[in-house]
Amino acid sequence: MNNKHTKTYSFLVGFCLLLGVSSCTPSKEIQLFDGESFSGWEGANSFFSIQEGAIVAGNLKKANLASHYLCTLKKFENFELNLKVKLKSTIELVSGGVSFRAARVPNSTEVSGYQADIGYLPARFIPVFSNKKLKDTTGIYPLWGALVDENRTNLSRYPNPEIFPVVLLQLVDKEWAKNVVKPNDWNELNIRAFNEQIQIKLNGQIASSFSETLKVPTTGCICLQDQIGASHEVWYKDITIESL
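Residues numbered from 1 in each chain as written. Predicted model: local features only at pLDDT ≥ 70, side-chain atom pairs only at ≥ 80, totals over all residues. Heavy atoms only, no water.

1. A closer look at the overall build of the protein
When helices and strands are tallied, the protein shows three helices and 16 strands. Here the analysis covers contacts within the protein between residues at least 6 apart in sequence; of these, 69% occur between residues at least 24 apart. (Helix = DSSP H or I, 4+ residues; strand = E, 2+ residues; numbered from the N terminus. Contact = heavy atoms within 4.5 Å.)

Written out as structure tokens, the structure reads:
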């Protein structure tokens, strides 16, 4: 290498170090959805379709009698997941979500594991499935960016497993949701899972930050939910993941 090239190389190395090594290395981010097919996914049934480059869960014509999930064939452990989500419905009281480090429950349409929730829940259920106390339990409560855990065989962490094996580990405040959520529009969802640390961001704002203390599986699928309930659609698109 001649002197001119040596100087150029040295400059580039120094520039990379100044920006951080990751700035000068190829991105490990991969696309989970190609915008056209269910390649790389399993569980594609009549409850899921592809429209306008997005995966659409549910439909606007009839209610769901059970929850359904579209899951990746590949399993992931430590990762950062990015996607855009949107709810379509004639009422606010609908929800969806992205399950992660998840596994299908045998002989069921459910999955077990964590879930980053979107949408709303009747406020009266918040104290039933979490340790959050509400002064007013009328109306609905936002689940956008909430961290949920459900359907594990060890029921010890669930407040009322006889009703449903679920716990709302982290919830946002109503005012936070009012300022951050974009109703009837695309919302950016970011999920970062690294060892026992889990963080969920919605539109660039931290919604949930949680440190796991129990021994639970750290590897699993990414699953898109078609939630039980009133007729609605959940749109998912621009789904990418980067292993950490």
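2. Considering the state of the cysteines
Evaluation of the coordinates by the stated rule reveals one disulfide. At a sulfur-sulfur separation of 2.2 Å, the disulfide partner of Cys-71 is Cys-223. Taking the sign of the torsion about the S-S bond as the criterion, the disulfide between Cys-71 and Cys-223, at about 110°, is right-handed. Here Cys-71 is found in strand E5 (residues 68–72), whereas its partner Cys-223 is found in strand E15 (residues 221–226), with 152 residues between them in sequence. Across the pair, Cys-223 and Cys-71 agree in class, each one buried. Cys-221 carries a free sulfur, and the closest cysteine sulfur to it, the one in Cys-223, is 5.3 Å from it. (Disulfide = S-S within 2.5 Å. Buried < 20%, exposed > 50% of the residue type's maximum accessible area, 1.4 Å probe, protein only.)

3. Re the side chain of Ser-95
Inspection of the secondary structure puts Ser-95 in strand E7 (residues 95–104). For Ser-95, a relative accessible area of 7% puts it in the buried group. Here the side chain of Ser-95 touches Gln-227 through a polar contact of 3.4 Å, side chain to side chain. Setting aside its immediate chain neighbours within four residues, Ser-95 contacts Leu-87, Ile-118, Gly-119, Tyr-120, Leu-143, Gln-227, His-232 and Val-234. (Polar contact = N/O pair within 3.5 Å; in protein donor to acceptor, adjacent residues only side chain to side chain.)

4. A word on the pattern of salt bridges
A full pass over the atoms with the stated rule returns eight salt bridges. Among the salt bridges present, the one from Asp-238 reaches Lys-84, with a minimum N-O distance of 3.5 Å. On the criterion of sequence distance, the pair formed by Asp-238 in strand E16 (residues 232–243) and Lys-84 in strand E6 (residues 79–88) is long-range, its members being 154 residues apart. Note on Asp-238: relative accessible area 42%, which makes it partly exposed. We note a salt bridge from Lys-132 to Asp-173, for which the minimum N-O separation is 3.4 Å. Taken together, the residues span a long stretch of sequence, with Lys-132 in the loop between helix H2 (126–129) and strand E9 (140–142) and Asp-173 in the loop between strand E11 (166–170) and helix H3 (174–180) at a distance of 41 residues. Residue class for Asp-173 comes out partly exposed when judged on its relative accessible area of 44%. (Salt bridge = Lys/Arg side-chain N within 4 Å of Asp/Glu carboxyl O.)

5. Looking at the environment of Lys-62
As for its placement among the helices and strands, Lys-62 is situated in the loop between strand E4 (54–59) and E5. Judged by relative accessible area, which is 54%, Lys-62 ranks as exposed. Spatially, the C-alpha atoms of Lys-62 and His-232 are 7.9 Å apart, while their sequence positions differ by 170 residues.

6. Thoughts on the packing of aromatic side chains
In this structure the tally under the stated criterion is four aromatic pairs. Geometrically, the ring pair formed by Phe-125 and Phe-129 is tilted, given 6.2 Å between the ring centres and 40° between the ring planes. Residue class for Phe-125 comes out partly exposed when judged on its relative accessible area of 29%. Exposure remark for Phe-129: the relative accessible area of 9% places this residue in the buried category. When the ring of Trp-186 is compared with that of Trp-235, the centres are 6.5 Å apart and the planes differ by 75°; the resulting orientation is edge-to-face. (Phe/Tyr/Trp six-rings, centres within 6.5 Å; stacked < 30°, edge-to-face > 60°.)

7. Digging into unusual backbone geometry
Phi is positive for Asn-195, which is not a glycine, with a value near 55°. Of note, Asn-195 is situated in the loop between strand E12 (187–194) and strand E13 (197–202). With a phi close to 50°, Asn-203 is a non-glycine residue in the positive phi region. We classify Asn-203 as buried; its relative accessible area is 18%.

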